[in-house]
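If you want the building blocks of each chain, they are given just below.
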Amino acid sequence: MKLLIVTSKLKEQIEFGKAIRRAVLDALEHTRCEVDVQLLTDAREIEIGDKSGCIILVATGGTERAVAKIMEALRCPIMLWSLPHYNSLPSALEVYSKFKHLPIKLFYSDININSFEEVKRFIKICNSLKKLKNFRLGCIGCTSEWILTSNRKELEEFGVHVVEIDLKELIDEIKRTRLSEDVFEIVKGFRIDVSDEDLRISLKTYIALKNIVLRYNLSAITVKCFDLLKHGITPCLGLSLLNDEGIVAGCEGDLQAVLTMIIVYLISERPCWMANLCRFDKDTNTITLAHCTIPTAMIEKSRSRLISHMESNIGVAIDGFLENRDVTLVRLGCGKMVIASGRILRSSMGERYLCRTQVEVALNGDVEQLISNALGNHHILVYGDLKSELIDFCKFKEIEPIVIE
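Criteria and cut-off values
Residues numbered from 1 in each chain as written. Predicted model: local features only at pLDDT ≥ 70, side-chain atom pairs only at ≥ 80, totals over all residues. Heavy atoms only, no water. Helix = DSSP H or I, 4+ residues; strand = E, 2+ residues; numbered from the N terminus. Buried < 20%, exposed > 50% of the residue type's maximum accessible area, 1.4 Å probe, protein only. Contact = heavy atoms within 4.5 Å. Areas by Shrake-Rupley, 256 points an atom, 1.4 Å probe, with all protein chains shown as cover. Lys, Arg positive; Asp, Glu negative; His and termini not counted. Charge placed at Lys NZ, Arg CZ, Asp CG, Glu CD. Phe/Tyr/Trp six-rings, centres within 6.5 Å; stacked < 30°, edge-to-face > 60°. Lys NZ or Arg CZ within 6 Å of the ring centre and 35° of its normal. Pairing = 2+ DSSP bridges. Axes fitted to C-alpha atoms, helices over the stretch in contact; angles between N-to-C directions. Salt bridge = Lys/Arg side-chain N within 4 Å of Asp/Glu carboxyl O.

### Details of the overall build of the protein chain
Scanning the protein chain from N- to C-terminus turns up 11 helices and 19 strands. Out of the 405 residues belonging to the protein chain, those deemed buried represent 58%. Excluding contacts between residues fewer than 6 apart, the proportion of contacts in the protein chain whose partners are at least 24 apart in sequence is 76%. Within the structure as shown, the protein chain displays about 17700 Å² of accessible surface, and the carbon and sulfur contribution to it stands at 46%. Seen as two clouds, the 52 positive and the 55 negative side-chain charges of the protein chain have centres 3 Å apart.

Below, the structure is given as structure tokens:
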């Protein structure tokens, strides 16, 4: 990605721009941040290459028109970096006011190692937007009847290509799959409360799903899972293990929820969990989430168990124990994104009439606001605070962020 340092044509300010370039290069030596630094005074000097994003560092005043022409030429996400020197901020504000309707982020900071953390965050978001355009999502068996919010058109607008796959193909793949004994190492450490046969079928389902991912060159997958129950199959464990491996995998053919998972995974670079929002409590400002497909990378195996699927009491699901950590909750849909933060209070509560992995989260924002702005049942939970990154993502993708505060 390019980092363009723009200065006015006055000799003294060109010299200051050169000093800024040296400071940038010095800071880069102490960070893991790969950018191509170019100093210029005129928009015609720019070498346009990759248009996934660009950092424009406004070194001095008198640069408004040059910066504006650069932005018009690039038409991509821009981080407009202003400094506390040489009228940098006034110039940046003039440009920002003109172009704030475009995907532009105004950043104000002197040049130091910490400021490059913001640069790295910007690069990660731009890379996420770029990778989204190459995502292939396999939808096995279409969307479940009770999912009313799935919208394939919205995925296509993000550049995600949906590949429709017949459920019979998965069933046939499971039937012809043979297991090697080393596959059972995957579940080592769990308390296992299911039969050997159910465990074998679940592991065969995992291998079969993986084979389909390879066959269709997929980056993500979702399954109309309840249609598998009449065949004695639950894909919960398989979907969990795929998420561990960086193949985004979701339940019930819920396209919007899986799209949310893809975005969260690309930005956070770690697995996330799709869950039902089952309860909320206004007095304690908490919500309860539950589902059977928690990635094993998110739980403590020694305190978790493999158990039957809740609704059917067959197959294998996961009762996962999660750490009491800060989390972000996300849901995308209809050109909006709901973003909430909180902290896990407890998990693995063992309630009979909730899906097997159960988590109570204390929200930082108002729980009633979360419920009133809900964009669907399934919400995505990820460890850590991704609020700033997700807000920036929304800005660059022209999505309305709804931050629960």
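From this point on, the discussion continues.
### Concerning the packing of aromatic side chains
To describe a pair of aromatic rings, you give the distance between the ring centres and the angle between the ring planes. A full pass over the atoms with the stated rule returns five aromatic pairs. Seen from their ring centres, W146 and F226 are 5.1 Å apart, and the 85 degrees between their planes marks the pair as edge-to-face. Pair noted here: W146 is in the loop between β6 (136–140) and α5 (152–157) and F226 is in the loop between β9 (220–223) and α8 (236–244), with a separation of 80 residues, a long-range link. Taken together, W81, F107 and F116 form an aromatic cluster joined through their ring pairs. Note that R303 overlies the ring of F321, its terminal NZ or CZ placed 3.8 Å from the centroid. Positioned above the aromatic ring of Y383 is the side chain of R325, whose terminal nitrogen or guanidinium carbon lies 4.0 Å from the ring centre.

### What about the sheet that holds strand β1 (residues 2–6)?
Taken together, the five strands give an open sheet; going across it, the order is β2-β1-β3-β4-β5, and neighbouring strands pair in parallel fashion. Each edge of the sheet is formed by a strand with only one pairing partner; in this case those strands are β2 (36–40) and β5 (104–108). The average angle at which neighbouring strand axes cross in this sheet is 20 degrees, direction not considered. Where strand β3 (residues 54–58) and strand β4 (residues 78–82) come together, five bridges link them in parallel fashion.

### Structural notes on the sheet that holds β6
If you walk across this open sheet you meet the four strands as β7-β6-β9-β10, and the pairing is parallel. Each edge of the sheet is formed by a strand with only one pairing partner; in this case those strands are β7 (161–165) and β10 (248–251). Ignoring strand direction, the axes of neighbouring strands in this sheet form an average angle of 20 degrees. Sheet topology places β6 next to β9; four bridges connect them, and they run parallel. Note that in β9 the partner of C139 across the bridge is T222. Strands β9 and β10 of the sheet are contacted by α8, whose axis makes an angle of about 155 degrees with β10.

### A closer look at helix α11 (residues 387–396)
Spacing of three or four residues puts side chains on the same side of an α-helix, whose turn is 3.6 residues. Looking at α11, one finds that the buried residues are E389, L390, D392, F393, C394 and F396. E398 occupies a position one or two residues after α11 and carries a positive phi of about 55 degrees.

### A few points about the pattern of salt bridges
A full pass over the atoms with the stated rule returns 26 salt bridges. E118 is paired through a salt bridge with R121; the nearest N and O atoms lie 2.6 Å apart. A residue pair is termed a helical-turn pair when its members lie 3 or 4 positions apart in one helix, as E118 and R121 do in helix α4 (residues 115–132) at three residues. Since its relative accessible area comes to 16%, E118 is described here as buried. The salt bridge involving R325 is made with E323; its shortest N-O contact spans 3.9 Å. Note on R325: relative accessible area 32%, which makes it partly exposed. Overlapping salt bridges, with partners in common, bring together K105, E118, R121, E389 and D392 in one network.

### As for unusual backbone geometry
A negative phi angle is the norm for most residues apart from glycine, just as the trans form is the norm for most peptide bonds. Of note in the backbone geometry, N285 takes a positive phi value of approximately 55 degrees without being a glycine. Looking at the secondary structure, you find N285 in the loop between β11 (273–281) and β12 (286–291). Here N313, not a glycine, exhibits a phi torsion of approximately 60 degrees, which is positive. Assignment of secondary structure puts N313 in the loop between β13 (305–307) and β14 (317–319). By relative accessible area, which is 55% here, N313 ends up exposed.

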